[in-house]
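# Fold and geometry: a report
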Amino acid sequence: MSTGPGAHSAPAPNSHHDTVTDDANATTPGPTEAPGDAAAPNPNGTATAGTTPGPAATPRTGMFSSLRIRNYRLFATGQVVSNTGTWMQRIAQDWLVLSLTGSSGAVGITTALQFLPMLLFGLYGGVLTDRFAKRKLLLCTQSAMGLTGLALAGLTLSGQVQVWHVYAGAFLLGLVTVVDNPARQAFVSEMVGQRDLRNAVSLNSANFQSARLIGPAVAGVLITAFGSGWAFLFNGLSFLAPLTGLLMMRTAELHKVDRVPRSKGQLREGLAYVRQHPELIWPIVLVGFIGTFGFNFPIWLTAFTYKVFHAGAGTYALFNGLMAAGSLIGALLAARRSGSRLRMLVGAALVFGLLECVAALSPGFWVFAALLAPIGMVGLTINVTANSSVQMATDPAMRGRVMSLFMMVFMGGTPLGAPLLGWVTDTYGPRIGFLAGGAISAAAAALVGLVLARSGGLRLKVDLRRGHPHVAFVPRRGAAGASGEATEKELAPAA
């Protein structure tokens, strides 16, 4: 289910004799790895702990370049099947809770319970990811996630399901996700190497959004015809696909990444690492606001379907499908780009918030539906840009902890935002709830953009003359102090 401070603070690299890999034979770069793939450069251009020194890898071009790698093809194939099941369960879960309670607040509580473990334990999931073999962790987590789907299927098909069963299942699924998310994020680099990392991150998102197109449509038909239990059953069985893919991988072709030995202070070390790197901390801060307040679509789409347009599960599935179509386009466009820029992240976040505000105030059904595709496209751009920029700027030995912080902030804010915005939606109506989420997201993007501009010694310039950029950031006069120059240099690769 898809649902993370400098190199001097990273653990010292192990010797070649002490290197531990996923399996004993995964000690050398695979045949798909070009010279330099195993070495991820830190922001200063030097080799980092946990890798073999070498030149920085140049990203390969092509929308599907990472699919040339057999291990990644197996991973992607398994994920598209399980992601389809995940989206079917998500639609069935939201609609079942709404049917049992009639409350958008109850849907918000379900969402909050699913992401509460990420808020409470997310950083520990990153420590475990850095410490253990990621492939073996994924075999455990994917099995557990399949079992939760089968348990809900049994309760629902037998007619014994109650709302607290759904709450418990959501919480258990969240506990497994604490380890599964950072492990999956960090395992991508072991399959494809630094050269194809950005492309693989984008294709992962395209994979997820493709399933998001299929899953809600199939779930809408199944729920309408037979009930929610069959969607839960399909999700439980769908995890056989990623488990098979993981077992079929050639471990000798995985890119070597040294595992971090158990020691005290690893959690604090990860936090200090992020704090010392502005190119990491600002994307994480921004996606924290967006994830907490702007991504509560289960609440808003169920409320608009049920209370504004007075429709059923088929319409809810349609809304999710439209968002998925836009997200898929955004993911494929992201796969074509060769770099990640903070200015793109901030701009996309600002547009995302404004589009949500417009959708909240839309006068009719088709206007609202038409806006969901661009909202999905821009929202996916935020996710991919932040994810890939954070991964590529992180020392591989710290990647599990950094990505767990990224996912904790992005997804862990939901337990705070979902009940609050669910209450606003129930009390003041779906339009006010959606408007509040969009307004907070736009304000956060504007604030982070201004902070980044100030840190880089820039100011906003408005020029209304023909042939000139109307709005642009330009250097501030007399703002070239030593610290300002250093900050500007640090942010330049991502800005």
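Residues numbered from 1 in each chain as written. Predicted model: local features only at pLDDT ≥ 70, side-chain atom pairs only at ≥ 80, totals over all residues. Heavy atoms only, no water.

## Quick notes on the overall build of the protein chain
- On a plain count of helices and strands, the protein chain comes out with 17 helices and two strands.
- Residues classed as buried in the protein chain amount to 58% of the 495 residues present.
- When the accessible area of the protein chain is evaluated, it comes to approximately 19,600 Å², of which 67% is carbon and sulfur surface. (Helix = DSSP H or I, 4+ residues; strand = E, 2+ residues; numbered from the N terminus. Buried < 20%, exposed > 50% of the residue type's maximum accessible area, 1.4 Å probe, protein only. Areas by Shrake-Rupley, 256 points an atom, 1.4 Å probe, with all protein chains shown as cover.)

## Structural notes on the pattern of salt bridges
- Counted under the stated rule, the structure contains four salt bridges.
- Two residues, Lys 307 and Asp 426, come together in a salt bridge whose shortest N-O distance is 2.8 Å. Residue Lys 307 is located in helix H10 (residues 297-308), and its partner Asp 426 is located in helix H15 (residues 414-428); the two are separated by 119 residues in the primary sequence.
- When its relative accessible area of 29% is taken as the criterion, Lys 307 is described as partly exposed.
- Since its relative accessible area comes to 32%, Asp 426 is described here as partly exposed. (Salt bridge = Lys/Arg side-chain N within 4 Å of Asp/Glu carboxyl O.)

## Regarding the packing of helix H2 (residues 104-131) against helix H4 (residues 163-192)
- Remark: H2 packs on H4, axes separated minimally by 7 Å, with the N-to-C direction vectors making an angle of 35°. Here the hand of the crossing between H2 and H4 comes out right-handed.
- Among the residues making up the contact of H2 with H4, the classes are represented as 19 nonpolar, nine polar and no charged. (Axes fitted to C-alpha atoms, helices over the stretch in contact; angles between N-to-C directions. Left-handed = near helix turned anticlockwise from the far one by under 90°. Nonpolar A, V, L, I, M, F, W, Y, C, P; charged D, E, K, R; others polar.)

## As for H10
- Of all twelve residues in H10, nine are buried, a share of seventy percent or more.
- Residues of H10 that are buried: Phe 297, Pro 298, Ile 299, Trp 300, Leu 301, Thr 302, Ala 303, Phe 304 and Thr 305.
- One or two positions beyond H10, positive phi appears at His 310, with a value near 50°.

## Overview of helix H3 (residues 134-157)
- The terminal C-alpha atoms of H3 lie 35 Å apart, and with 24 residues this matches the ideal 34 Å at 1.5 Å per residue to within 8%.
- Looking one or two places after H3, you find Gly 159, whose phi comes out positive at around 80°. (Expected span 1.5 Å × (residues − 1).)

## Overview of the environment of Thr 141
- Counting through the fold element by element, Thr 141 comes out in helix H3.
- A sequence separation of 38 residues divides Thr 141 from Val 179, and the C-alpha atoms of the two residues are 7.3 Å apart.
- If we skip the residues at most four places from it in the chain, Thr 141 touches Val 176, Val 179 and Asp 180.
- Engagement of the side chain of Thr 141 in a polar contact is seen with the backbone oxygen of Leu 138, the distance being 3.3 Å. (Contact = heavy atoms within 4.5 Å. Polar contact = N/O pair within 3.5 Å; in protein donor to acceptor, adjacent residues only side chain to side chain.)

## Re the confidence of the model for the protein chain
- Predicted confidence across the protein chain gives a mean pLDDT of 76, with 76% of residues reaching 70 or more.
- Contacts for the low-pLDDT stretch residues 1-56, under 50 throughout, to residues beyond four places or in other chains number 139 contacts. (pLDDT = per-residue confidence, 0-100.)

## Some details on unusual backbone geometry
- Of note in the backbone geometry, His 310 takes a positive phi value of approximately 50° without being a glycine.
- Looking at the element boundaries, His 310 is found in the loop between H10 and helix H11 (313-336).

## Structural notes on a nonpolar patch on the surface
- A surface patch of nonpolar side chains, amounting to about 470 Å² of accessible area, comprises Leu 120, Phe 121, Tyr 124, Leu 172 and Leu 175.
- Elements with a contribution of two residues or more to the nonpolar patch: H2 and H4.
- In terms of residues, the nonpolar patch owes the most to one element, H2, which gives three residues.
- Relative to the helices and strands, Phe 121 is located in helix H2. (Patch = residues over 30% accessible without salt bridge, like charges linked within 9 Å, V, L, I, M, F, W, Y side chains within 5 Å.)

## Some points on the packing of H3 against H4
- Between H3 and H4, the shortest axis-to-axis distance is 9 Å and the interhelical angle comes to 155°. Taken together, the axes of H3 and H4 lie roughly antiparallel to each other. Between H3 and H4 lies a crossing of left-handed hand. Residues Lys 134, Arg 135, Leu 137, Leu 138, Thr 141, Gln 142, Ala 144, Met 145, Thr 148, Leu 152 and Leu 155 of H3 touch H4, and the partners they reach there are His 165, Val 166, Leu 173, Val 176, Thr 177, Val 179, Asp 180, Ala 183, Arg 184, Ala 186, Phe 187 and Glu 190.
- Taken together, the residues of the contact of H3 with H4 break down into 13 nonpolar, five polar and five charged. (Parallel < 35°, antiparallel > 145°, perpendicular 65-115°, else oblique.)

## Things to note about the packing of aromatic side chains
- Per the stated rule, a full pass over the model turns up 21 aromatic pairs.
- Ring plane angle 85° and centroid distance 6.3 Å describe the contact between Phe 297 and Phe 352, whose orientation is recorded as edge-to-face. One end of the pair, Phe 297, is in helix H10; the other, Phe 352, is in helix H12 (residues 342-360), with 55 residues separating them in the sequence.
- For Phe 352, a relative accessible area of 0% puts it in the buried group.
- Pairing Phe 304 with Phe 368 gives two aromatic rings, centres 4.3 Å apart and planes at 10°, and the pair type is stacked. One end of the pair, Phe 304, is in helix H10; the other, Phe 368, is in helix H13 (residues 365-392), with 64 residues separating them in the sequence. Accessibility classification places Phe 304 together with Phe 368 in one group, the buried group.
- Linked through ring pairs, Phe 295, Phe 297, Trp 300, Phe 304, Phe 309, Phe 319, Phe 352, Phe 365, Trp 366, Phe 368 and Phe 434 together constitute an aromatic cluster.
- Sitting above the plane of the Trp 87 ring, Arg 90 keeps its charged end 4.5 Å from the centroid. (Phe/Tyr/Trp six-rings, centres within 6.5 Å; stacked < 30°, edge-to-face > 60°. Lys NZ or Arg CZ within 6 Å of the ring centre and 35° of its normal.)

## Digging into the side chain of Gln 185
- One can find Gln 185 in helix H4.
- By relative accessible area, Gln 185 is classed as buried at 14%.
- When sequence neighbours within four positions are dropped, the list of residues in contact with Gln 185 reads Asn 387, Gln 391, Met 403 and Met 407.

## Considerations on the nonpolar core
- Residues Leu 286, Phe 368 and Phe 434 are the most contacted members of the largest nonpolar core, which totals 76 residues.
- The contacts of Leu 286, once residues within four sequence positions are left out, are Leu 345, Val 346, Ala 349, Ala 444, Ala 445 and Val 448.
- Counting residues in hydrophobic clusters, the runner-up holds 20 residues, among them Phe 75, Val 201, Leu 243 and Met 249. (Core = buried A, V, L, I, M, F, W, Y, C linked by side-chain atoms within 4.5 Å.)

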